[in-house]
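In case you want the letters, here they are:
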Amino acid sequence: MKIIEVNDYQEMSKQAADYISNRVRKLPSLTLGLSTGGTPLGLYKNLIEDYKENHTSYQKVKTFNLDEYVGLAQTNPNSYRYYMNDIFFNHINIDKSKTNIPRGDVDDVEREALDYEQLIERSGGVDIQILGIGSNGHIGFNEPGTSFDSKTHIVELATSTREANARFFNNLEEVPTRAITMGIATIMKSKEILLLISGESKKEALANLMFGEIHEGFPASILRNHPAVTVIVDKAAIAESKVH
Ligand code: PGA
């Protein structure tokens, strides 16, 4: 893993955006793996600014999001389809038919998971996957205990994950209990991974990622076996984690 240490969230977001926009300029038909949540908000904001200033084109870019809640319609502001349109896609020249997010609102979500995995494979796979990390080490919605061999599948969300995400809902009860997520093997197949870690609440996760044992109890630990992972991490997440 290549670790890039930055001062704060702003700097992390800017560096991540430079990394992605440079790659899109080099390969306009890049396939990006995208993530949601609090961490990548600044990245998307910077990418939109770059799009406005430098006219980086997303016309040929294809995207695959990591995950989606089960049971939320795409028009629900808490669905990840809504988030992606609202936060990013509506502000750049991407062709929405090339943007893929698993559907959590279909009758047969198990079938949807199988189809999504195949769709990624058939399209030639993800070139760069953007990732965040949960404080319990989850990547995507792969909670501790998920098999390292898992492909896109349906998961029961951990209480800690539902509590962490309750800030986006009116209350904890509204947070869905299930999600559809790329599996760990799916994530590991992406050619490159850009992992963003910011803030004090991720200190322990960073320390476990760097120095813990590689095991299914801490899903992100498997990233140490991936040949091309770049981690951009801010000072608040590093403090006391003794990365140095
Ligand atoms: P966050 O979530 O960016 O909202 O902290 C990260 C994650 O759970 O993967």
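This text goes with the structure placed above it.
Each residue is numbered by its place in its chain's sequence as written, counting from 1. Owing to the predicted nature of the model, reporting of local features is limited to residues with pLDDT of at least 70; listing and counting of side-chain atom pairs is limited to 80 or more, with chain, interface and lining totals taken over all residues. With hydrogens and water set aside, each side-chain value is computed from the structure's full complement of heavy atoms.

## Concerning the sheet that holds strand E5 (residues 99–100)
And then number 1: Any two strands are treated as partners once DSSP identifies two or more bridges connecting them. Numbered from the N terminus, helices here are DSSP runs of H or I no shorter than four residues, and strands are runs of E no shorter than two. One open sheet holds the seven strands; their spatial order is E1-E10-E9-E6-E2-E3-E5, and the pairing between them is parallel. Both outer strands of the open sheet, strand E1 (2–6) and E5, are each paired with one neighbouring strand and no more.
And then number 2: Inspection of the sheet shows strand E3 (residues 62–65) paired to E5 by two bridges, in the parallel sense. Note that in E5 the partner of Thr-63 across the bridge is Thr-99.
And then number 3: Along the sheet face, helix H4 (residues 109–122) touches E3 and E5 and points at about 150° away from the line of E3. Any two residues whose heavy atoms approach within 4.5 Å at even a single point are treated as in contact. Structural elements are reduced to axes, namely lines fitted to C-alpha atoms, with helices fitted over the stretch in contact, and the angle between N-to-C directions of any two is expressed from 0 to 180 degrees.

## Observations regarding the site of the ligand
And then number 1: Residues are counted as near a molecule or strand when any one of their heavy atoms sits within 4 Å of it. Near the ligand you find Gly-37, Gly-38, Thr-39, Gly-132, Ile-133, Gly-134, His-138, Arg-167 and Lys-202, and these make up its full shell.
And then number 2: Any pair of nitrogen or oxygen atoms within 3.5 Å is treated as a polar contact; in protein, a donor-acceptor pairing is required on top of that, and neighbouring residues in sequence qualify only through side-chain atoms on both sides. Separating an oxygen atom of the ligand from a side-chain N or O atom of Thr-39 is a distance of 2.4 Å.
And then number 3: Accessible areas in this description were obtained via Shrake-Rupley with a 1.4 Å probe; residue shielding takes into account the shown protein chains only. For the ligand, the accessible surface in isolation is 280 Å², of which the surrounding protein chains cover 81%.

## A word on the pattern of salt bridges
And then number 1: Here, a salt bridge means any side-chain nitrogen of Lys or Arg that lies within 4 Å of a carboxyl oxygen of Asp or Glu. Summed over the entire model, instances satisfying the criterion amount to 10 salt bridges.
And then number 2: A salt bridge links Arg-25 to Asp-50, with the shortest nitrogen-to-oxygen separation between them at 3.2 Å. Remark: Asp-50 occurs in helix H2 (residues 41–54) and Arg-25 occurs in helix H1 (residues 9–26); sequence separation between them is 25 residues.
And then number 3: According to the relative accessible area criterion, Asp-50 is buried, its value standing at 9%.
And then number 4: Taking the shortest distance from any N to any O, the salt bridge between Asp-95 and Lys-98 comes out at 3.4 Å.
And then number 5: Judged by its relative accessible area of 29%, Asp-95 falls in the partly exposed class.
And then number 6: Burial classification: accessible surface area is computed with a 1.4 Å probe over protein chains only, and a residue below 20% of its type maximum counts as buried, one above 50% as exposed, and the rest as partly exposed. Looking at Lys-98, the relative accessible area reads 27%, which means it is partly exposed.
And then number 7: Among the ionic contacts, a cluster of salt bridges with common partners joins Glu-117, Glu-121 and Lys-189.

## Details of the packing of aromatic side chains
And then number 1: Pairing of aromatic rings covers Phe, Tyr and Trp, the last counted by its six-membered ring, and requires centre-to-centre distances within 6.5 Å; plane angles under 30 degrees mean stacked, over 60 mean edge-to-face, and any other angle means tilted. Counted by the stated rule, this structure contains 10 aromatic pairs.
And then number 2: Between the aromatic rings of Tyr-80 and Tyr-83, the centroid separation amounts to 6.3 Å while the plane-to-plane angle is 75°, which identifies the pairing as edge-to-face. Taken together, the residues span about one helical turn, with Tyr-80 and Tyr-83 both in helix H3 (residues 80–87) at a distance of three residues. Tyr-83 carries the same exposure label as Tyr-80, and that label is buried.
And then number 3: The interplanar angle of 20° and the centroid separation of 6.1 Å between the aromatic rings of Tyr-80 and Phe-141 together place this pair among those described as stacked. Taken together, the residues span a long stretch of sequence, with Tyr-80 in helix H3 and Phe-141 in the loop between strand E6 (128–131) and strand E7 (153–156) at a distance of 61 residues. As far as the burial class goes, Tyr-80 and Phe-141 line up, both buried.
And then number 4: Three or more aromatic residues link up through ring pairs in this structure, and these residues are Tyr-44, Tyr-51, Tyr-58, Phe-88 and Phe-89.

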